[in-house]
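Working through the structure, step by step
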Amino acid sequence: MAMNGSSGGDEFAVGCLLSIKTTFGDEFEGQIITYDRPSNILVLQEGLKSNSQSRRNIRLLKANYIKEFSFLGQSEDPLDLKKCFLDLNSLQSKEDAAVRQAEIDVERIGVGVTAEAQSIFDALSKTLPVRWDKTVIMVMNEVRVSSPYLAESVTGGTPAANERVKKVLERRRLQTRGGGQ
């Protein structure tokens, strides 16, 4: 049964077992736990073929991302408390990892620097370990690149490290002048 994104959600009855293909190319089977009409979000429990003791995933899916689905059958209560299990340790570790990654991402954004300075930082970070020290780019914890972030603005570090950073800066300047990023 094919479905377009403008469906009113009447097909999504709690307990239905569905085989779903998304617009992203994902294919999976799941049981409908609930459907939220205002947000058009379908909450599905995956893991139909597993035994009742195994862990199951909960998937939230915007209904307009369903390319097609087929009805596999109807089941009883999808929220049977005897069959529900939350792995709190796994959830905690996923949250911790997400928070650590967010902190790392925030540290990569310069505060009080121009878009060009951030672009230079991003270019340097592709091949070298870098971090911000206020508005100064620190490369390999020894080479400093100060505003205006030209090769002449490079100080500190070994001569070899300086040359490597200057080479990246010059290449970045040539790409910027040439219209490429």
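Preceding this section is the structure that the text describes.
No experiment lies behind these values; they were computed from the predicted model shown.

Sheet architecture is open: 4 strands sit in the order β6-β7-β8-β9, paired in antiparallel fashion. Edge positions in the sheet fall to β6 (130–133) and β9 (154–155), since each has one partner strand and no second. Bridging between strand β7 (residues 136–139) and strand β8 (residues 143–145) involves 3 bridges; their strand directions are antiparallel. Pairing of Ile137 across the sheet is with Val145, part of β8. Helix-sheet contacts for helix α2 (residues 115–125) involve β6 and β7, and the interaxial angle to β6 is about 150°.

With 5 of 6 residues buried, strand β3 (residues 41–46) lies mostly within the body of the structure. Pairing geometry for strand β2 (residues 27–36) and β3, over 6 bridges, is antiparallel. The residue of β3 that forms the bridge with Tyr35 is Leu42. Hairpin connection between β2 and β3: a loop of 4 residues separates the two successive antiparallel strands, and Asn40 in this loop has a positive phi of roughly 60°. Both β3 and strand β4 (residues 58–62) contribute to a ladder of 5 bridges, which runs antiparallel.

Glancing now at the pairing of β7. Here β7 shows two buried faces, one formed by Val136 and Met138 and the other by Ile137 and Val139. Linking β6 to β7, which pair antiparallel, is a turn of 2 residues; within it Lys134 sits at a positive phi near 60°. Where β7 hands over to β8, the hairpin turn is made up of 3 residues, of which Met140 adopts a positive phi near 55°.

This paragraph deals with a nonpolar patch on the surface. Taken together, Leu86, Leu88 and Leu91 make up a surface patch of nonpolar side chains, about 340 Å² in accessible area. Residue Leu88 is classed as exposed on the basis of its relative accessible area of 59%.

Time to look at the nonpolar core. Leu124, Ile137, Val139, Val145, Tyr149, Val165 and Leu169 are the most contacted members of the largest nonpolar core, which has 17 residues in total. Elements with a contribution of two residues or more to this core: α2, β6, β7, β8 and α3 (159–177). For Val139, the residues in contact, after removing those within four places along its chain, are Leu124, Leu128, Pro129, Val130, Val145 and Val165. With 13 residues, the next largest nonpolar core counts Ile32, Tyr35, Ile66 and Phe69 among its residues.

Mapped onto the fold, Gly30 is located in strand β2. Note: C-alpha distance between Gly30 and Glu46 (16 residues apart in sequence) is 4.4 Å.

Attention now moves to unusual backbone geometry. For the bond from Ser147 to Pro148, the omega torsion is 15°, close enough to zero to count as cis. One non-glycine residue, Lys134, adopts positive backbone phi at about 60°. Tracing the sequence through the fold places Lys134 in the loop between β6 and β7. The class for Lys134 is exposed, based on a relative accessible area of 70%. Of note in this structure, Met140 is not a glycine but carries a positive phi near 55°. Along the chain, Met140 turns up in the loop between β7 and β8.

What counts, and at which threshold
Residues numbered from 1 in each chain as written. Predicted model: local features only at pLDDT ≥ 70, side-chain atom pairs only at ≥ 80, totals over all residues. Heavy atoms only, no water. Pairing = 2+ DSSP bridges. Helix = DSSP H or I, 4+ residues; strand = E, 2+ residues; numbered from the N terminus. Contact = heavy atoms within 4.5 Å. Axes fitted to C-alpha atoms, helices over the stretch in contact; angles between N-to-C directions. Buried < 20%, exposed > 50% of the residue type's maximum accessible area, 1.4 Å probe, protein only. Patch = residues over 30% accessible without salt bridge, like charges linked within 9 Å, V, L, I, M, F, W, Y side chains within 5 Å. Areas by Shrake-Rupley, 256 points an atom, 1.4 Å probe, with all protein chains shown as cover. Salt bridge = Lys/Arg side-chain N within 4 Å of Asp/Glu carboxyl O. Core = buried A, V, L, I, M, F, W, Y, C linked by side-chain atoms within 4.5 Å.

So yeah, pure geometry; function would need other evidence.
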